[in-house]
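Read off the chains here:
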Amino acid sequence: MKILSMAICIIIMLGLAGASQYSFGTKVTSYDSDFGAPLRLYGAPNPGAAFSLGYWETGVVNGYDDTDVVYLHQGVSLGAAGRVLSNDVRLTPFGYLVAGSKVTPQDNDIGMQLNALVGTNIVWVNSHGGPGHDLDDSVYIHVGLGPNTVTNDVRLSDVSGLPPGSKVGNLDPDLPNAFAVGTVTTLDPIATAGLGGLIAPLASVRYIDNNGNGQYDYPDDIYLITALSPFPAVRVNDVRLSGPV
């Protein structure tokens, strides 16, 4: 039994050794150690067919608000299947558990009911007027309507010192930020959460299989792919959706 326990510990340590040291919400540069790392698409044998966006209704206010915790969830985030699972990622903080942390079986939010963020867009702001999304452009989960940030949108990258995982407030300086547009009237989303909160396109959220076991789990790093490529590897401007483990 002692030998078996030691073997399990060694396997876990080897998996964690390959995990990223970079913080949640940071963007990849060509100088980073994870640049060019191979990416996998989430799917079988994992518990769902895709990642989704959902929130735990804490009940302080009925409906989505600044007290609710937002998750990157495995599978649909609505109905009986919509429960917080181990290795779901908190996209906003929960108590002392920071944004970008993964849920473990010991955490108080595991098993909580999730509501889907249906029709939500992951979008970006063209901060400096360049031809496309770059390292200086901020990224948000946009949970409202219209072409601008709204209260309780979630920052997925640093915005003028306001950290990833924080929600936009009524008096925040980025409240009037306008999102990049594909046309005059249409947002230019990186991804969209549809039925059950499922993120589409599926390839917009991928992970590095750090421990090589063929499925997504605790040591693996997750990325928002900001420009889809036929080559499934981490690229410049991709956003890290999980933090160090």
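I will try to describe carefully the structure that is included in this document. Within every chain, residues take consecutive numbers counted from 1 along the sequence as written. Where totals are concerned, whole chains, interfaces and linings use all residues; where local detail is concerned, this predicted model gives features only for residues with pLDDT of at least 70, and gives and counts side-chain atom pairs only at 80 or more. Here the side-chain values reflect all heavy atoms present in the structure, with hydrogen atoms and water set aside.

To continue, consider the pairing of strand 11 (residues 205-208). Only protein chains enter the area calculation, which uses a 1.4 Å probe; residues under 20% of their type maximum are buried, those over 50% are exposed, and those in between are partly exposed. Secondary structure is summarised from DSSP: a helix means a run of H or I of at least four residues, a strand means a run of E of at least two, and numbering begins at the N terminus for each. Alternating positions in strand 11 separate into two faces, V205 and Y207 on one and R206 and I208 on the other, with burial throughout. Bridge count for strand 1 (residues 40-41) against strand 11 is 2 bridges, and the pairing is antiparallel. Residue pairing in the sheet places L41 in a bridge with R206 of strand 11. Any two strands between which DSSP finds at least two bridges are classified as paired. Note: strand 11 against strand 12 (residues 221-224), 4 bridges, orientation antiparallel. In the sheet register, I208 faces strand 12, and the bridge partner there is D221.

Moving on, we get to the sheet that holds strand 1. Within the open sheet, the 4 strands sit side by side as 1-11-12-13. Their pairing is antiparallel. The strands lining the two open edges of the sheet, one partner per strand, are strand 1 and strand 13 (239-240).

A few words now on the side chain of N237. The topology assignment puts N237 in the loop between strand 12 and strand 13. Note on N237: relative accessible area 12%, which makes it buried. Between N or O atoms, a polar contact is any pair within 3.5 Å; within protein, one atom must be a potential hydrogen donor and the other a potential acceptor, and residues adjacent in sequence are included only when both atoms are from side chains. Side-chain polar atoms of N237 contact the backbone nitrogen of L135, separated by 3.0 Å. In this structure N237 touches K27, V28, H133, D134, L135 and T226, once residues within four positions along its chain are discounted. In this analysis, two residues are considered to be in contact whenever any of their non-hydrogen atoms come within 4.5 Å of each other.

A few words now on unusual backbone geometry. Residue P45 is bonded to the preceding A44 through a cis peptide linkage, with omega at 10°. Mapping P45 onto the fold places it in the loop between strand 1 and strand 2 (51-56). P201 follows A200 through a cis peptide bond whose omega is -5°. On the secondary structure map, P201 appears in the loop between strand 10 (199-200) and strand 11. Residue N87 is not a glycine yet carries a positive backbone phi of 80°. Its relative accessible area of 15% is what places N87 among the buried residues. The phi torsion at N152 lies on the positive side, around 80°, for a residue other than glycine. Inspection of the secondary structure assignment puts N152 in the loop between strand 7 (138-142) and strand 8 (154-155).

What follows deals with the pattern of salt bridges. Salt bridges are counted wherever a side-chain nitrogen of Lys or Arg sits within 4 Å of a carboxyl oxygen of Asp or Glu. Throughout the structure, instances matching the rule amount to 6 salt bridges. The salt bridge involving D109 is made with R90; its shortest N-O contact spans 2.8 Å. Of this pair, D109 sits in the loop between strand 4 (89-90) and strand 5 (114-116) while R90 sits in strand 4; the two residues are 19 residues apart in sequence, bridging distant segments of the chain. For D109, a relative accessible area of 0% translates into the label buried. When its relative accessible area of 0% is taken as the criterion, R90 is described as buried. Salt-bridge contacts for R155 lead to D172; the nearest nitrogen and oxygen are separated by 2.8 Å. With R155 in strand 8 and D172 in the loop between strand 8 and strand 9 (191-193), the pair connects residues that are 17 residues apart, well separated along the chain.

With that settled, the discussion passes to the side chain of D220. Structurally, D220 is set in the loop between strand 11 and strand 12. Residues scored as positive are Lys and Arg, those scored as negative are Asp and Glu, and His as well as the terminal groups of each chain are ignored. Here D220 is buried and forms no salt bridge, its nearest opposite-charge partner K102 lying at an N-O distance of 5.9 Å. Side-chain polar atoms of D220 contact the backbone nitrogen of D217, separated by 2.9 Å.

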